[in-house]
Amino acid sequence: MNHTPDLFGPTPTTREPLADGAWLLRGFALDQADQLLDAIQRVAGQAAFRHQITPGGHTMSAAMSSCGALGWVTDRHGYRYSDRDPLTDQPWPKIPDILRQLAAEAAAAGGYENFEPDACLINRYTTGAKMGLHQDKDEEDMDAPIVSVSLGAPIRFLFGGSARTDKAAGWKLEHGDVVVWGGPSRLFFHGVAPLGKRAEHPVTGPVRYNLTFRKVRI
Ligand code: SIN
Ligand code: FE2
């Protein structure tokens, strides 16, 4: 049967468990990928991608931007959420409706209803860029899940446990894949391996984007 999205709704996706309360929704964002990439470019037109500095003085290999009431920033003084873009001293761009809606739908597909993110961090990876294992723990609201959308070149996503030393399993995340984690796995360690030399996608070339939606304030 010829499933055209217009007649039969979005492309059906599978739900793969990664851990307790954590799901990989393969292809969940595929139908909207082009619009999502356009929205990212619009946000970046106002809040440019930049390489932030960790409190330890390291330059992050992923370039970042944010949209929403709050954006995630790091500098010599620490990690935190800020209601202004430190580059412009202006509020962050609003979360585009298409992003907000996708985040809520993905959260619901993972069993988390009524997700209303107030922050969306946008990561841009080029060859060799990575994100070491970490917890998303700068948020006040730990009842809300994290929703993570992958676009562009594929990367290896690492998802561990509640301790840094817990063994992390690897999952290939491709264009349109969405990961949702919360509840028992809300604070689980995760990261991505360096973007491979040959990793690319027809639309973005050798670049990967990741959107992570969070609810910071209760
Ligand atoms: C993150 O944890 O902030 C990013 C993860 C990813 O790029 O998939
Ligand atoms: Fe994270």
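Residues numbered from 1 in each chain as written. Chains lettered and ligands numbered in written order. Predicted model: local features only at pLDDT ≥ 70, side-chain atom pairs only at ≥ 80, totals over all residues. Heavy atoms only, no water.

Enquirer: For this particular structure, what's the right way to read the site of ligand 1?
Expert: By nearness alone, every residue bordering ligand 1 is listed as Asn-123, Tyr-125, His-134, His-190, Val-192, Arg-208, Asn-210 and Arg-214. Tyr-125 is positioned with one of its side-chain polar atoms (N or O) 2.6 Å from an oxygen atom of ligand 1. In this structure, an oxygen atom belonging to ligand 1 sits 3.4 Å away from a side-chain N or O atom of Asn-210. Compared with its free state, where it exposes 260 Å², ligand 1 has 99% of that area covered by protein. Taken atom by atom, the bulk of ligand 1 overlaps the largest pocket. Elements supplying a minimum of two residues to the shell around ligand 1: β8 (119–125), β14 (190–192) and β15 (208–214). Broken down by element, the residue count for the shell around ligand 1 peaks at three residues, all from β15. A class-by-class count of the residues in the shell around ligand 1 yields two nonpolar, four polar and two charged. (Near = heavy atom within 4 Å. Polar contact = N/O pair within 3.5 Å; in protein donor to acceptor, adjacent residues only side chain to side chain. Areas by Shrake-Rupley, 256 points an atom, 1.4 Å probe, with all protein chains shown as cover. 1 Å grid on protein atoms, 1.4 Å probe; cavity = no way out; pocket = protein on both sides within 12 Å on 5 of 7 lines; lining within 4 Å. Sits in = over half its atoms within 2 Å of the grid points. Helix = DSSP H or I, 4+ residues; strand = E, 2+ residues; numbered from the N terminus. Nonpolar A, V, L, I, M, F, W, Y, C, P; charged D, E, K, R; others polar.)

Enquirer: What is the right way to read the coordination of the iron ion (ligand 2) from this model?
Expert: Put simply, the ideal angle at a metal is 109.5 degrees for four donors in tetrahedral geometry and 90 or 180 degrees for six donors in octahedral geometry. Around the iron ion (ligand 2), the protein contributes the donor atoms His-134 (NE2), Asp-136 (OD) and His-190 (NE2), which lie 2.1 to 2.2 Å from the metal centre. One way to put it: the four donor atoms around the iron ion (ligand 2) meet at angles of 90 to 175°, and that makes the site irregular. All donors of the iron ion (ligand 2) come from a single chain, and their spacing in sequence reads H-x1-D-x53-H. Here His-190 lies in strand β14 and Asp-136 lies in the loop between β9 (131–134) and β10 (146–152), a separation of 54 residues in the sequence. As far as burial versus exposure is concerned, Asp-136 and His-190 are alike and both buried. (Donors = N, O, S within 2.8 Å, 3.2 Å for Na, K, Ca; no water. Tetrahedral: all angles 85-135°; square planar, octahedral: opposite > 155°, others 65-115°. Buried < 20%, exposed > 50% of the residue type's maximum accessible area, 1.4 Å probe, protein only.)

Enquirer: What should I look at first to understand the sheet that holds strand β13 (residues 178–181) in this one?
Expert: Within a sheet, neighbouring strands are paired by backbone hydrogen bonds and run either parallel or antiparallel to one another. Strands sit in the order β1-β2-β13-β10-β15-β8-β3 across an open sheet of seven strands; the sheet is antiparallel. Each end of this open sheet is capped by a strand with a single partner; those strands are β1 (15–19) and β3 (63–67). Averaged over neighbouring strand pairs, the angle between their axes works out to 20° when direction is ignored. Pairing analysis gives five bridges linking β3 to β8, with the strands arranged antiparallel. Opposite Ala-63, over in β8, you have Arg-124 as the bridge partner. (Pairing = 2+ DSSP bridges. Axes fitted to C-alpha atoms, helices over the stretch in contact; angles between N-to-C directions.)

Enquirer: Even after reading the chapter, I still don't get the layout of surface pockets, so can you show me in this structure?
Expert: The calculated volume of the largest pocket comes to roughly 670 Å³. At the level of secondary structure, the elements contributing two or more residues to the lining of the largest pocket comprise β8, β9, β14 and β15. Looking at side-chain class alone, the lining of the largest pocket contains 14 nonpolar, 13 polar and eight charged residues. (Points joined across faces, edges and corners; volume = space filled by probe spheres on them.)

Enquirer: Just checking my understanding: could you explain helix α3 (residues 97–109) for this structure?
Expert: Along an α-helix, a turn takes 3.6 residues, which lines up residues three or four apart on a common side. For α3, built from 13 residues, the straight-helix expectation of 18 Å at 1.5 Å per residue is met to within 8% by its first-to-last C-alpha distance of 18 Å. Immediately beyond the C-terminal end of α3, within one or two residues, lies Gly-111, with a positive phi of roughly 95°. (Expected span 1.5 Å × (residues − 1).)

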